[in-house]
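Topology and contacts: notes
Spelled out, the chains give:
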Amino acid sequence: MIMAEAEQPRLTLYRSICETLKREIADGRFADTEILPGERELSQLLDVSRTTLRRAIMQLVEEGVLYHRHGAGTFVRRALPHVDQPMSRLTGFTEDMRLRGFVAGSRELERGMFPPSPEEAMMLGVGPNETIFRLSRLRLASEVPMAIEHTVVPQRYISDPRTVGASLYDALEARNFKPVRALQRLRATLLTDSDAVLLGVEPKSPVLYIQRLAYLADGRCVEFTRSYYRADTYDFVSKLTLSPVTRKHRN
Ligand code: 16G
């Protein structure tokens with residue numbers, strides 16, 4: 001039985017049920033299915049009347065903790081991971097998510113060795129006859145889709161697609177080809193319908209389109225990635241300092 005404070009005056013009992021349910025949700029009690037047990041089962045578990053339970057559920061729906069799906073039941077709204085991503089640090093997705101306490105995951109969309117498109121050849125600085133490693137992934141933070149990434153790497157840095165595991169940067173580091181600097185370009189765009197399905201958002205949702213060109217210390221380009229980051233979970237944050245030139249002008 002879930003422990004609710006049993007001897008509450010009637011008026012505050014449903015509030016206590018709200019708190020109990022919120023605590024249970026935060027502790028991951030319904031995390032597997034995200035669906036709340038039926039009214040009868042739950043009122044027995046909480047040892048309250050169905051009327052009180054219904055009132056508590058209504059309150060939690062109003063607060064956005066729960067939502068009803070027509071004909072399917074009442075569900076727990078999963079909290080969206082929120083990421084403040086510094087613009088000045090060169091890190092990979094797996095490392096970023098680990099640092100934030102999320103479990104990084106990927107759903108692979110494409111992997112293999114291919115001839116480059118003219119744009120890819122130009123960006124990577126490879127000849128049209130060279131082969132490139134292509135990896136497209138849906139990136140997940142604790143199971144929540146966060147971004148779609150299309151990455152290409154010249155064959156000289158990744159020659160066997162099977163050698164890349166969960167993290168591209170780990171694979172490059174293992175070969176001493178981890179990039180040391182990158183140029184990143186960011187703009188707002190709208191998702192295509194198929195990408196919206198992958199990211200689990202409404203069609204034509206706004207996203208951040210990001211292009212990253214990453215380089216080795218000797219200036220060679222090791223990675224060209226085009227990604228679509230969900231606008232509702234990511235804030236890209238840059239630190240600004242007064243430039244020396246501006247300071248001089250003020251004197
Ligand atoms: C980040 C990078 C991406 C890089 C990936 C490597 C941005 C916008 N993009 O998602 O360019 O390929 O990390 O991640 O930050 P991994 O090491 O987990 O494969």
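Everything in this summary refers to the structure shown in the same document.

Rules used throughout
Residues numbered from 1 in each chain as written. Predicted model: local features only at pLDDT ≥ 70, side-chain atom pairs only at ≥ 80, totals over all residues. Heavy atoms only, no water. Phe/Tyr/Trp six-rings, centres within 6.5 Å; stacked < 30°, edge-to-face > 60°. Helix = DSSP H or I, 4+ residues; strand = E, 2+ residues; numbered from the N terminus. Buried < 20%, exposed > 50% of the residue type's maximum accessible area, 1.4 Å probe, protein only. Lys NZ or Arg CZ within 6 Å of the ring centre and 35° of its normal. Near = heavy atom within 4 Å. Polar contact = N/O pair within 3.5 Å; in protein donor to acceptor, adjacent residues only side chain to side chain. Areas by Shrake-Rupley, 256 points an atom, 1.4 Å probe, with all protein chains shown as cover.

1. As for the packing of aromatic side chains
Using the criterion set out here, one finds six aromatic pairs in the structure. Considering the side-chain rings of tyrosine 209 and tyrosine 228, the 5.1 Å spacing of their centres and the 40° angle between planes classify their relative orientation as tilted. In this pair, tyrosine 209 is assigned in strand S8 (residues 206-215) and tyrosine 228 in strand S9 (residues 221-230), connecting sequence segments 19 residues apart. In this structure tyrosine 209 comes out as buried when scored by relative accessible area, which is 9%. Where tyrosine 229 meets tyrosine 234, the ring centres are 4.6 Å apart and the plane angle is 90°; that geometry is what we call edge-to-face. Owing to a relative accessible area of 10%, tyrosine 229 belongs among the buried residues under this scheme. Of note, arginine 134 hangs over the ring of phenylalanine 114, and the distance from its end group to the ring centre comes to 5.0 Å. Sitting above the plane of the tyrosine 215 ring, arginine 181 keeps its charged end 4.4 Å from the centroid.

2. With respect to the site of the ligand
Not every one of the 15 residues close to the ligand is listed here, only the nearest: Thr94, Glu149, Ser167, Leu168 and Glu223. Within the contact set of the ligand, an oxygen atom lies 2.7 Å away from a backbone nitrogen or oxygen of leucine 168. Its free accessible area being 460 Å², the ligand has 98% of it covered by the protein chains. If you list the elements that add at least two residues to the shell around the ligand, you get helix H4 (93-99), strand S5 (132-141), helix H6 (168-174), S8 and S9. Looking at the shell around the ligand, the element that brings in the most residues is S9, giving three residues.

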